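Structural description and commentary
Below, each chain spelled out in residue letters.
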Amino acid sequence: MGGHERVAALAAGLAGERVDHRFKGLPPDADGLTVGELAAQRRGLFDGGFTTPVLVLSETALGHNLDLLERYAREHGLSFAPHGKTSMAPQLFARQLERGAWGITVAVPHQARVCREFGVSRIFLANEVVDPAALRWIGGQLDADPGLTFVTYVDSVRGVELMDAALRKAGTRRALDVVVELAAGEGARTGARTEADCTAVAEAVAAAPSLRLVGVAGYEGEVPDADPGRVAAWLRRLVALAAELDAAGRFGSAEEIVVSAGGSAWFDVVAEVLAGVPALSRPVRKLLRSGAYVTHDDDHYRRITPFNRVPEEGSLEPAFRLWAQVVSRPSPTQAFLNAGKRDAAYDLGLPSVQAVRGGDAAGLTVTALSDQHTWLSVPPDHPLAVGDWVALGLSHPCTTFDKWPLIPVTAPDATVTDYIRTFF
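Residues numbered from 1 in each chain as written. Predicted model: local features only at pLDDT ≥ 70, side-chain atom pairs only at ≥ 80, totals over all residues. Heavy atoms only, no water.

**A word on the pattern of salt bridges**
Two side chains of opposite charge can pair, provided their charged atoms sit close to one another. Enumeration over the complete set of coordinates arrives at 23 salt bridges. The shortest N-O distance in the salt bridge between Glu17 and Arg421 comes to 2.8 Å. Linking Glu17 in the loop between helix H1 (3-12) and helix H2 (35-41) with Arg421 in strand S17 (residues 416-421), this pair joins segments that are 404 residues apart in sequence. Judged by relative accessible area, which is 12%, Arg421 ranks as buried. For Lys24, the salt bridge identified is with Asp343, shortest N-O distance 3.0 Å. In this pair, Lys24 sits in the loop between H1 and H2 while Asp343 sits in the loop between strand S11 (334-337) and strand S12 (352-356), placing the two residues 319 residues apart along the sequence. (Salt bridge = Lys/Arg side-chain N within 4 Å of Asp/Glu carboxyl O. Helix = DSSP H or I, 4+ residues; strand = E, 2+ residues; numbered from the N terminus. Buried < 20%, exposed > 50% of the residue type's maximum accessible area, 1.4 Å probe, protein only.)

**Thoughts on the pairing of strand S4 (residues 122-128)**
Counting buried residues in S4 gives five out of seven residues, a clear majority hidden from the surface. Pairing geometry for strand S3 (residues 104-106) and S4, over three bridges, is parallel. Of the residues in S4, the one forming a bridge with Val106 is Leu125. A crossover links S3 with its parallel partner S4, the connecting element being helix H5 (residues 109-117), and its sense is right-handed. Sheet analysis places S4 next to strand S5 (residues 149-154), joined by five bridges and oriented parallel. Note that in S5 the partner of Glu128 across the bridge is Tyr153. (Pairing = 2+ DSSP bridges. Right-handed = clockwise from strand over helix to strand, strands pointing away.)

**Thoughts on the packing of aromatic side chains**
Evaluation of the coordinates by the stated rule reveals eleven aromatic pairs. Ring centres of Phe46 and Trp323 lie 4.9 Å apart, and the angle between their planes is 85°; on these two criteria the pair is classed as edge-to-face. Taken together, the residues Phe46 in the loop between H2 and strand S1 (54-58) and Trp323 in strand S10 (residues 320-331) connect sequence positions 277 residues apart. Trp323 sits in the buried class, given a relative accessible area of 11%. Ring centres of Phe267 and Phe307 lie 5.4 Å apart, and the angle between their planes is 65°; on these two criteria the pair is classed as edge-to-face. You can see Phe267 sitting in helix H10 (residues 267-274) and its partner Phe307 sitting in the loop between helix H11 (300-304) and S10, a full 40 residues away along the chain. Note on accessibility: Phe267 and Phe307 belong to one class, buried. Aromatic ring contacts, followed pair by pair, group Phe46, Trp323 and Trp389 into a single cluster. (Phe/Tyr/Trp six-rings, centres within 6.5 Å; stacked < 30°, edge-to-face > 60°.)

**A closer look at the sheet that holds strand S2 (residues 79-80)**
If you trace the eight strands from one edge of the open sheet to the other, you get S2-S9-S8-S7-S6-S5-S4-S3, paired in parallel fashion. Each edge of the open sheet carries a strand with a single partner, namely S2 and S3. Both strand S6 (residues 176-181) and strand S7 (residues 211-217) contribute to a ladder of six bridges, which runs parallel. Bridged to Asp177 within S7 is Arg212.

Here it is as structure tokens:
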């Protein structure tokens, strides 16, 4: 069984999970059914017993977004390891891998454990790992599965020493592949700040028997005062670093050299600069790691997506809608919905009113969120009434997925056709 087929088969097993109180928004009368049995009933979102608030995922928009990034990566000669921390949904990992993704990116060891539980055989951990317990687990996975590819960041000599000590103490037989992380600039997030620092880290890796240097990486989204010129300049530094380390023989026994970057804001610049990677001593894997594209959004990523700069390449579609009900209209200019911070992302902008079922959404504005309420400003003469269903558009997929352990998937006619399980 191939890589994506194994992941799909294991993810399909989630259909056997029982529906119960853990999964908010689902019909109370579905308790005891399996997820697969409930999906087979193809209930209507509005008349099938679902309770509000309920987050839904558009099958049409989801499929469009998955197809678009698959095509984009292929046409630009990029390998793709979509960032799994966005959704933490093995069913979506399977669909990404089916569309040609090289592997799945994660940010912390727990997320890698979820990937392994569902059969992902190539994992790119875009962060430093110095926890001995996590390293013992990674080493055990490498030794148990010769087909596993596992790559993680290093950005300090001290980190290399800690990793090597933990892996050797654990008796790990296979070397762990690492990439040197180049920081996006002073004051940015993790990463070695200078090329000299990167060289020192690479030398430390060479002296660590449990590690193998296979490339360089970073996150251009942290470039200070980012614009296309500054992002491109940093990416050229990353490419030059790969060439310098290669010329110095630092990639040792690596079969290929990984050069990796790419969030969801600048992948057009990543594609442009990585297209100019020079010939090196062995094949180069240009690895893109965008994650938020899978559902896109109605605010933050809608404003910063690279497709705004390259509209001829396509456009992403917001796939989430959070349906809530008006539970109070205490004054002509104010109303409250029964969804709040426990249900909607709010770290990169408030939700926005997208529709009122059977009514008019004009003039309705979200002004604040409480834990369990959305505050709406309402024109005095607006017919919005208690009991109305209101669809909210959301900002930032990464902090939306993590609030919903089981997400209904809807067809255009609002029939619920499937459910996506998340693991946070």
